[in-house]
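Listed below are the residues making up each chain.
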Amino acid sequence: MTLHLHDTATRTTAPFTPVREGAVSLYVCGPTTQGAPHLGHLRTFLSFDVLVRWLERSGYEVAHVRNVTDIDDKILAKSAEAGAEWFAWSLRFEREFQDVLDRIGNRRPTYEPRATGHVPEMIELMQRLIERGHAYADGAGSVYFDVASLPAYGALTRQSLEDMQDAGEEMEPGKRDRRDFALWKAAKATEPETASWDTPFGRGRPGWHLECSAMSRKYLGETFDIHAGGLDLRFPHHENEQAQSHAAGYGFAQRWMHSGMVTVDGLKMGKSLDNFVTAADALGEHPAAAVRLALVGGHYRATIEYNTTAMREAETVWERFSATARRAAEQLEGAPIAAADADLRAVELPQEFVAAMDDDLSVPEALAVIHREQAALNTLLAARGGADGAQVAEGLGRLRAMLDVLGLDPLGEQWGGEAGAAGAEHAALEALISAQLTAREAARAEKDWARADALRDALTAAGIRIEDGQGGARWTLETRD
């Protein structure tokens, strides 16, 4: 099976063929730096981080662009309310986004351009649209896109122009039609002088939609492979991006991909519902790797649920992945077999895993394969008389390589230090618990079931999960509320 990806525009899942053989051009709508990142942001950026990882694992060279909207109405309003310069306010949250994404293992894009750094490209695009009869200047500094001039407007979201009452912009005096949207906004006396630029149409600043068309063309060309973002951006943002780019005569995105939403305790996340979860909230309460696992573990197009139960499960699964990888690595330490440290991209992945990822990034099915491989490795590690080193190395390599596709290799650069920091504690626990398990095994051999049960109950009460198998008992830490 070749890689198949879903296209939001056609609502079909079809084989992926890039514009240029062996290379993929991807544009992801990045953050608007008005405030702190939240779970919805993390879900979107992690979804497409997995896409980039799988494309690269499949042999493609990926050019990944993720923009920063560093000026807009909300940034200006919130910075003014806080008594801060708008650019300082924006930079503060841009850095916070980057710090959070680094912490959660999100790879940095190839290019991360800011809107304010691409005003010349925006002016050029506006001039082209005006010349082609798809945009107009109001004479007071604003420029609008004429939606009625493009018969295909609404194609992305399958809406007819006649059914649209408002394309998301307030009716301004210079507009010809309420449904027209702003490409450029005239400077206002109430806004800082630094928040506007001189153009042939008057002094002003970018409209939200214009920047992405201008920047995607600059970094990826007039036609590129994939445009991605959160589902909430489909209308009006992505619809308007596509309209202005097509009206300019550009091929623009050949495929649209959108990540699903995040609900919290069964409800759409919102400040009015008192269930708004920032990235800092989530990472302050749970290990970063567990948060990542919870957010990438569902299908990227599905709505995922964030709650105490879901996070407890993610923490438990992550701890088990980590424990298995550590045990295997410890068993291989000092052996002549060095596969545990080999280049993970050289590891042959199980065909079931490849098929799942090639099927529109079906991570839930891919995780099922990972769990089977982990169980097989645990069985191997628990074998009486010691496990075969070559088999352990191969099993560990497959486990790490699959988890690496999800950004969750327990022994990798991102999370290996975390495992190493816990190494001393883990070793101490291992010694203490092993002594208890040895005593329990002795009690069972003597058929002293009461003592054996008491030893197990004491470990369980301490939050230690015991699993009996053919190779003896093994333990993992339980995740508590």
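All values derive from a computational prediction rather than experimental measurement. (Residues numbered from 1 in each chain as written. Predicted model: local features only at pLDDT ≥ 70, side-chain atom pairs only at ≥ 80, totals over all residues. Heavy atoms only, no water.)

## Description of the overall build of the chain
Here is step 1: Along the backbone of the chain there are 15 helices and 15 strands.
Here is step 2: If you line up the chain on its principal axes, its C-alpha atoms span 95 × 50 × 40 Å.
Here is step 3: Within the chain, the fraction of its 481 residues that count as buried is 52%.
Here is step 4: Long-range pairs, those at least 24 residues apart, make up 74% of the contacts in the chain with a sequence separation of at least 6.
Here is step 5: Entry remark: accessible area of the chain is about 21600 Å², with carbon and sulfur atoms responsible for 49%. (Helix = DSSP H or I, 4+ residues; strand = E, 2+ residues; numbered from the N terminus. Buried < 20%, exposed > 50% of the residue type's maximum accessible area, 1.4 Å probe, protein only. Contact = heavy atoms within 4.5 Å. Areas by Shrake-Rupley, 256 points an atom, 1.4 Å probe, with all protein chains shown as cover.)

## Comments concerning the packing of aromatic side chains
Here is step 1: One pass over the structure, following the stated rule, counts 13 aromatic pairs.
Here is step 2: Ring centres of Trp54 and Phe353 lie 6.0 Å apart, and the angle between their planes is 75 degrees; on these two criteria the pair is classed as edge-to-face. In this pair, Trp54 sits in helix 1 (residues 39-57) while Phe353 sits in helix 10 (residues 351-358), placing the two residues 299 residues apart along the sequence.
Here is step 3: One aromatic cluster is present, formed by Trp86, Phe87 and Trp197 through successive ring pairs.
Here is step 4: Just above the ring of Trp89 sits the side chain of Arg92; from NZ or CZ to the centre is 5.2 Å.
Here is step 5: Note that Arg176 overlies the ring of Tyr136, its terminal NZ or CZ placed 4.0 Å from the centroid. (Phe/Tyr/Trp six-rings, centres within 6.5 Å; stacked < 30°, edge-to-face > 60°. Lys NZ or Arg CZ within 6 Å of the ring centre and 35° of its normal.)

## A few points about the sheet that holds strand 7 (residues 181-186)
Here is step 1: On the basis of which strands lie adjacent, the open sheet formed by four strands has the order 5-6-7-8 and antiparallel pairing. Both edges of this open sheet fall to strand 5 (135-137) and strand 8 (204-206), since each of them pairs with a single strand only. Taking each pair of neighbouring strands and ignoring which way they run, the sheet shows an average axis angle of 20 degrees.
Here is step 2: Direction of pairing for strand 5 relative to strand 6 (residues 143-145): antiparallel, over a ladder of three bridges. Residue pairing across strands places Ala135 opposite Phe145, the latter belonging to strand 6. (Pairing = 2+ DSSP bridges. Axes fitted to C-alpha atoms, helices over the stretch in contact; angles between N-to-C directions.)

## Notes on the sheet that holds strand 12 (residues 267-268)
Here is step 1: What the three strands build is an open sheet, ordered 12-11-13; its pairing is mixed. Here the strands that pair on one side only, and so sit at the sheet edges, are strand 12 and strand 13 (304-306).
Here is step 2: The pairing of strand 11 (residues 262-264) with strand 12 spans two bridges and is antiparallel. In the sheet register, Val264 faces strand 12, and the bridge partner there is Leu267.

## Concerning the pairing of strand 2 (residues 12-15)
The side chains of a regular strand alternate, first on one face of the sheet and then on the other.
Here is step 1: Note that strand 1 (residues 4-7) and strand 2 share four bridges and pair antiparallel. In the strand pairing of strand 2, Leu5 is matched with Ala14.
Here is step 2: Between strand 1 and strand 2, which follow one another and run antiparallel, lie four residues, and Arg11 among them has a positive phi close to 60 degrees.

## A word on helix 2 (residues 73-82)
Here is step 1: Those residues of helix 2 lying buried are Ile75, Leu76 and Ser79. Along the axis of helix 2, the buried residues cluster in a sector spanning 95 degrees; they form a single face.
Here is step 2: Residues of helix 2 that are buried make contact with helix 3 (86-103) and strand 8.
Here is step 3: Regarding helix 2, its N-cap is Asp72, as a side-chain oxygen of that residue lies 3.2 Å from the backbone nitrogen of Lys74 further along.
Here is step 4: After helix 2 finishes, the residue Gly83 shows a positive phi value of roughly 70 degrees. (Arc of directions from axis to C-beta. Polar contact = N/O pair within 3.5 Å; in protein donor to acceptor, adjacent residues only side chain to side chain.)

## A short note on the confidence of the model for the chain
Here is step 1: Looking at the chain as a whole, its pLDDT mean stands at 90, while 90% of the residues score no less than 70.
Here is step 2: Per-residue pLDDT stays below 50 along residues 335-341; that stretch engages in eight contacts with residues further than four places along the chain or on separate chains.
Here is step 3: Every residue in residues 419-424 is under pLDDT 50, and counting partners more than four places away or in other chains gives two contacts. (pLDDT = per-residue confidence, 0-100.)

## A few points about the packing of helix 4 (residues 119-131) against helix 5 (residues 208-220)
Here is step 1: Two numbers describe how helix 4 lies on helix 5: the axes approach to 9 Å, and their chain directions differ by 105 degrees. By the angle class used here, helix 4 and helix 5 are roughly perpendicular. Touching Glu121, Met122, Glu124, Leu125 and Met126 of helix 4 are Leu210, Glu211, Ser213, Ala214, Arg217 and Lys218, all from helix 5.
Here is step 2: Partitioned by chemical class, the residues of the contact of helix 4 with helix 5 number five nonpolar, one polar and five charged. (Parallel < 35°, antiparallel > 145°, perpendicular 65-115°, else oblique. Nonpolar A, V, L, I, M, F, W, Y, C, P; charged D, E, K, R; others polar.)

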